[in-house]
Amino acid sequence: MFKKLIAAVPLLLVLPFSTTNIYAATPLHIVANSVDYSVSQFMIKENHVYCSIETLSSMMGALNSWVFKDEKSVSFVTHFSEKGASDKFYAWFFNSKKVEIQSNQAEEGIIKSITMKHQTIVSKDGETLIPLRDAILALEKSIYWDKESNKITVTGKISY
């Protein structure tokens, strides 16, 4: 029995060190247009990343002064007319999968409606959070997740 115990001790000493490297999770890293974003600006729910309209507009290079919130949606301006008036904006609706691309130039105001895979959610403090991947795709920009490094990379900016 003493020989079995001596043989098992080296395994017990090696096992904790080897498993910590294998099972240690790499922290999430989010980069948009070469700018690093703090993970604290995002919420992860059921393996999906959500962000506020302010964070999304910042990632896309949109003007934060052109972010709007009302009782049913959050949105930001993505284009201005030749006269300098806001002309086109995206609106994400509360607790919905609906995104509308709207314009003051269109007769009915709505250019296009998009249905996201995941709906917006409301955080504990009442802020509407938008599913990052769906929002980036709705804006016709690129998003890539590298599983190995646990890094999300977003490319493409709003150009006014």
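Further up the page is the structure itself.
Below, the structure is looked at part by part.

Details of the overall build of the protein
Okay, step 1: Within the protein, the secondary structure is distributed over 3 helices and 13 strands.
Okay, step 2: Across the 160 residues in the protein, those meeting the buried criterion constitute 38%.
Okay, step 3: For the protein, restricting intrachain contacts to residue pairs at least 6 apart in sequence, the fraction spanning at least 24 positions comes to 38%.
Okay, step 4: Accessible surface computed for the protein: about 10500 Å², of which carbon and sulfur atoms make up 56%.

So, the sheet that holds strand β2 (residues 35-37)
Okay, step 1: Ordered in space as β2-β1-β13-β12, the 4 strands form an open sheet in which the pairing is mixed. Each edge of the open sheet is held by one strand with a lone partner, namely β2 and β12 (142-146). Mean inter-strand twist for the sheet, computed between neighbouring axes without regard to direction, equals 20°.
Okay, step 2: By the bridge criterion, 5 bridges tie β12 to strand β13 (residues 151-155) in an arrangement that is antiparallel. Each residue of the ladder has a partner; that of Y144, found in β13, is T153.

Side note on the sheet that holds strand β7 (residues 86-93)
Okay, step 1: The sheet built from 5 strands is open, its strands ordered β5-β6-β7-β8-β9 with antiparallel pairing. Every interior strand has two partners, whereas the edge strands, β5 (67-69) and β9 (110-115), have only one. Across the sheet, the mean angle from the axis of one strand to that of its neighbour is 20°, orientation sign disregarded.
Okay, step 2: As judged from the 7 bridges shared by strand β6 (residues 73-80) and β7, these two strands associate in the antiparallel manner. Considered in β7, the bridge of F80 is made with S86.

A look at the nonpolar core
Okay, step 1: Among the nonpolar cores identified, the biggest contains 31 residues, and L56, M59, F76, W92 and L132 are the most heavily contacted of them.
Okay, step 2: Within the residue set of this core, elements represented by two or more residues are β1 (29-32), β4 (48-51), α2 (53-59), β6, β7, β8 (98-103), α3 (132-138) and β13.
Okay, step 3: By residue number, the principal contributor to this core is α3, which donates 4 residues.
Okay, step 4: When near neighbours in sequence (up to four residues on either side) are disregarded, L56 contacts C51, F76, W92, I130, L132, A135, I136 and L139.

So, the layout of surface pockets
Okay, step 1: One number sums up the size of the largest pocket: a volume of about 370 Å³.
Okay, step 2: Residue lining of the largest pocket: 15 residues in total, with N47, H48, V49, W145 and I152 positioned closest to the centre.
Okay, step 3: Elements with a minimum of two residues in the lining of the largest pocket: β4, α3 and β12.
Okay, step 4: Looking at which element gives the most residues to the lining of the largest pocket, the answer is α3, with 3 residues.
Okay, step 5: Here the residues of the lining of the largest pocket sort into 8 nonpolar, 4 polar and 3 charged.
Okay, step 6: If you add up the space inside the second largest pocket, you get close to 160 Å³.
Okay, step 7: In terms of lining residues, the second largest pocket is bounded by T78, H79, K88, Y90, L139, E140, K141, K157, I158 and S159.
Okay, step 8: Going through the elements one at a time, β6 and β7 are the ones with two or more residues in the lining of the second largest pocket.
Okay, step 9: Here the lining of the second largest pocket is composed, by residue class, of 3 nonpolar, 3 polar and 4 charged.

A look at the pattern of salt bridges
Okay, step 1: Within this structure, the stated rule accounts for 2 salt bridges.
Okay, step 2: The partner of E100 in a salt bridge is K98, and the shortest N-O contact between them spans 3.1 Å.
Okay, step 3: Overall, the relative accessible area of 35% leaves K98 in the partly exposed class.

The rules behind each value
Residues numbered from 1 in each chain as written. Predicted model: local features only at pLDDT ≥ 70, side-chain atom pairs only at ≥ 80, totals over all residues. Heavy atoms only, no water. Helix = DSSP H or I, 4+ residues; strand = E, 2+ residues; numbered from the N terminus. Buried < 20%, exposed > 50% of the residue type's maximum accessible area, 1.4 Å probe, protein only. Contact = heavy atoms within 4.5 Å. Areas by Shrake-Rupley, 256 points an atom, 1.4 Å probe, with all protein chains shown as cover. Pairing = 2+ DSSP bridges. Axes fitted to C-alpha atoms, helices over the stretch in contact; angles between N-to-C directions. Core = buried A, V, L, I, M, F, W, Y, C linked by side-chain atoms within 4.5 Å. 1 Å grid on protein atoms, 1.4 Å probe; cavity = no way out; pocket = protein on both sides within 12 Å on 5 of 7 lines; lining within 4 Å. Points joined across faces, edges and corners; volume = space filled by probe spheres on them. Nonpolar A, V, L, I, M, F, W, Y, C, P; charged D, E, K, R; others polar. Salt bridge = Lys/Arg side-chain N within 4 Å of Asp/Glu carboxyl O.

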